[in-house]
Amino acid sequence: MTIQFHNNEGEATLTLCGRLDTAVSMKVSSDIEQLLATAGTIQRLTIDAGQLEYISSSGLRILLTLAKRFKQFRIVEVNPEIYDVLNMTGFTKIMSVERALRQLSVDGCEVIGVGGVGTVFRLDDDTIIKVFREGSTMDEVSKEIAMSKESFVMGMPTAISFDVVKVGSQYGLVYELLHAQTLSACLKQNPERLDELARKYADLFLQMHHIQVPADSCVPNGLEHERSQVQHIRRYFPQEKIDLLLQILDTVPAGHSLLHLDLQAKNVMIQNDELMLIDMGEVGYGHPVLDLAHAYSSMVSLVGDYNQIVGIPRELGMELWNRTIDYYFEGLPADVVALRKEQIKAVSCVRNFSWLALSDSFPEAVINECKALFDERVTNHRDHLLEVCKTLNDWK
C-alpha cells in the first residue's frame, strides 16, 4: 500500500494505491496524519481511489475520520468493486463519492456544435456526446444532468444523458438520440422547410415559457445568474460599461417561466419530426424576454464564427429567427410585436458580452472583437436602449 500526497494552495489530494486492508491500516493512518500535519491549511481534501484495489472495514474508518475532519471532502475515481462497498455501507449517502468513468474517444467523430461550455460530437447513428471544456468540474456536469431532468419532468422534450464519461481529461455526457439531427442541419439540408421549422421552433419557446417553475425546484434564477456573469467579465471591461449592462438587466421584470437561456438552432435536435432540447447547463427561470434575448444574441448578433457555432449561414439563421419570432407573437397587434422585438434586441446587448463568462480560455481575438464592438452596440445607443427597456414592465 502506497500513498501520494499533493497540496495546491489548500486543495489537497491523497492518492491511495494498492490494498487498504487491516494489516496496513494502522500504518496508513499514521502516514496520512504525518502528511496532513505538515501540509498547512487544507480547505478541501480529495481521495483519489483510482488505484485502490481493496478496502477493509478499518480502511473505511480512516475515510470516515477524514470526512468528519474536512468539511469539503470527496472520494473520486472509485472502481466498481470499491464503489459497491462504499454504497452498501452507506458512505455514498454521507460523503461525495464519484465513480471512475470509462474513457471514450471522439477522434474522427462529426462535430455537431461548438459552444462556450463544450463541444458536441456524434458518436454514431444512435448517440451523441457533449464534451465539456478543459477545466470543467463534475459539479458543472451534474448541474446539466439535473437541469435536463427537471425540464423533462416539467414537460419539455429533453434529451436525457444515460452516461457520464471521460474524453482524455475532460468530462463528457452521452445522449441517446436515434437518427436525430440539429435544427440547423435539418434547415441547411431542407431550406424549403424554413417556414415549417420556424413554427416548430416558436412553439418550442412557447411551450417552455408557459411552464411556471415551482418555488421548491432546483432550477436557478436566470436573471441573478446573468447578473453574476456580467460581474465576471469585469476583467475585460471598465466598470462604467459593466454598470450599463447591469442597468439594462435591472429593467427586466421578474418571472417564473422556464428558460433555456441558450436556445439557438444547434441546441435543438429533431427526432421523429419532434424538436428536443439539448445543452441544458444554463437552464433557469425568469421572464421570457431574457430567453428570447439570449437566442437573438446567438441567431442574429453573434460575435464569432457564425457558421461553426450556429451551423448555418448567418442570412439563413436570421431568416429563421425572424419567422420564429413572428410566430411566437402571432395574434398580437403589429405595434406591440414591433415593440417586443425592440425590447428583445435591447436586452440581447447584455448577452452579446456576458457569454464571455462561460469560459476563462476564449481566444484573445474573440475577446478583443467583443471589446471593440461594445461602444458600437451599447455605449453609442445608451439612451435609446434604456428608453426601450423602460417599457418592459408592460410585457406581462
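1. Here's the deal with the overall build of the chain
Secondary structure summary: the chain contains 15 helices and 15 strands in total. For the C-alpha atoms alone, the extent of the chain along its principal axes is close to 80 × 50 × 40 Å. Here the contacts in the chain between residues at least 6 apart in sequence split such that 70% fall between residues at least 24 apart. Accessible surface computed for the chain: about 18400 Å², of which carbon and sulfur atoms make up 50%. Each charge sign in the chain was given a centre, from 37 positive and 54 negative side chains, and these centres are 4 Å apart.

2. As for the sheet that holds strand 14 (residues 274–277)
Here three strands make up an open sheet; going across it, the order is 11-13-14 and the pairing antiparallel. Lying at the two open borders of the sheet, with one neighbouring strand each, are strand 11 (181–182) and strand 14. By the bridge criterion, four bridges tie strand 13 (residues 268–271) to strand 14 in an arrangement that is antiparallel. Looking at strand 14, one finds that valine 268 is bridged to leucine 277. Packed on one face of the sheet, helix 7 (residues 194–209) meets strand 13 and strand 14 and runs near 50° to strand 14.

3. Overview of the side chain of serine 297
With respect to the helices and strands, serine 297 occurs in helix 10 (residues 288–299). Excluding its chain neighbours within four sequence positions, the residues that come into contact with serine 297 are Leu302, Ser348, Arg351 and Asn352.

4. Here's the deal with the packing of helix 7 against helix 10
For any two helices packed against each other, one specifies the inter-axial angle together with the distance between the axes. One way to put it is that helix 7 packs onto helix 10 with a least axis distance of 10 Å and a crossing angle of 150°. In terms of their interaxial angle, helix 7 and helix 10 are classed as roughly antiparallel. Between helix 7 and helix 10 lies a crossing of right-handed hand. Note on element contacts: helix 10 touches helix 7 through Pro288, Asp291, Leu292, Ala295 and Met299, opposite Tyr201, Phe205, Met208 and His209. Counted by class, the contact of helix 7 with helix 10 contains seven nonpolar, one polar and one charged residues.

5. Remarks on the pairing of strand 8 (residues 127–132)
With six of its six residues buried, strand 8 lies for the most part within the structure. Residues of strand 8 alternate between two faces, with Thr127, Ile129 and Val131 on one and Ile128, Lys130 and Phe132 on the opposite face, all of them buried. With five bridges connecting them, strand 7 (residues 118–122) and strand 8 associate as antiparallel partners. Bridge pairing in strand 8 places valine 120 opposite lysine 130. Count of turn residues in the strand 7/strand 8 antiparallel hairpin: four residues. Bridge count for strand 8 against strand 10 (residues 170–176) is five bridges, and the pairing is antiparallel. Bridging across to strand 10, threonine 127 finds its partner in glutamate 176.

6. Some words on a negative patch on the surface
On the surface, a cluster of negative charge is made up of Asp124, Asp125, Asp126 and Glu176. When you line up the elements, glutamate 176 lands in strand 10.

7. Thoughts on the pairing of strand 10
The two faces of a sheet get side chains in turn, since along a regular strand they alternate between them. Most of strand 10 is tucked away, with five of its seven residues classed as buried. Sheet topology places strand 9 (residues 161–167) next to strand 10; six bridges connect them, and they run antiparallel. The residue of strand 10 that forms the bridge with serine 161 is tyrosine 175. Linkage of strand 9 to strand 10, two consecutive antiparallel strands, is achieved through a turn of two residues, within which glycine 168 is found at a positive phi near 65°.

8. Structural notes on unusual backbone geometry
Unusually for a residue other than glycine, glutamate 9 sits at a positive phi of about 55°. Secondary-structure assignment places glutamate 9 in the loop between strand 1 (2–8) and strand 2 (11–20). Residue class for glutamate 9 comes out exposed when judged on its relative accessible area of 74%. With phi around 55°, aspartate 279 is a residue other than glycine that occupies positive phi space. On the secondary structure map, aspartate 279 appears in the loop between strand 14 and strand 15 (284–286). Exposure remark for aspartate 279: the relative accessible area of 14% places this residue in the buried category.

Calculation criteria
- Residues numbered from 1 in each chain as written.
- Predicted model: local features only at pLDDT ≥ 70, side-chain atom pairs only at ≥ 80, totals over all residues.
- Heavy atoms only, no water.
- Helix = DSSP H or I, 4+ residues; strand = E, 2+ residues; numbered from the N terminus.
- Contact = heavy atoms within 4.5 Å.
- Areas by Shrake-Rupley, 256 points an atom, 1.4 Å probe, with all protein chains shown as cover.
- Lys, Arg positive; Asp, Glu negative; His and termini not counted.
- Charge placed at Lys NZ, Arg CZ, Asp CG, Glu CD.
- Pairing = 2+ DSSP bridges.
- Axes fitted to C-alpha atoms, helices over the stretch in contact; angles between N-to-C directions.
- Parallel < 35°, antiparallel > 145°, perpendicular 65-115°, else oblique.
- Left-handed = near helix turned anticlockwise from the far one by under 90°.
- Nonpolar A, V, L, I, M, F, W, Y, C, P; charged D, E, K, R; others polar.
- Buried < 20%, exposed > 50% of the residue type's maximum accessible area, 1.4 Å probe, protein only.
- Patch = residues over 30% accessible without salt bridge, like charges linked within 9 Å, V, L, I, M, F, W, Y side chains within 5 Å.
- Salt bridge = Lys/Arg side-chain N within 4 Å of Asp/Glu carboxyl O.

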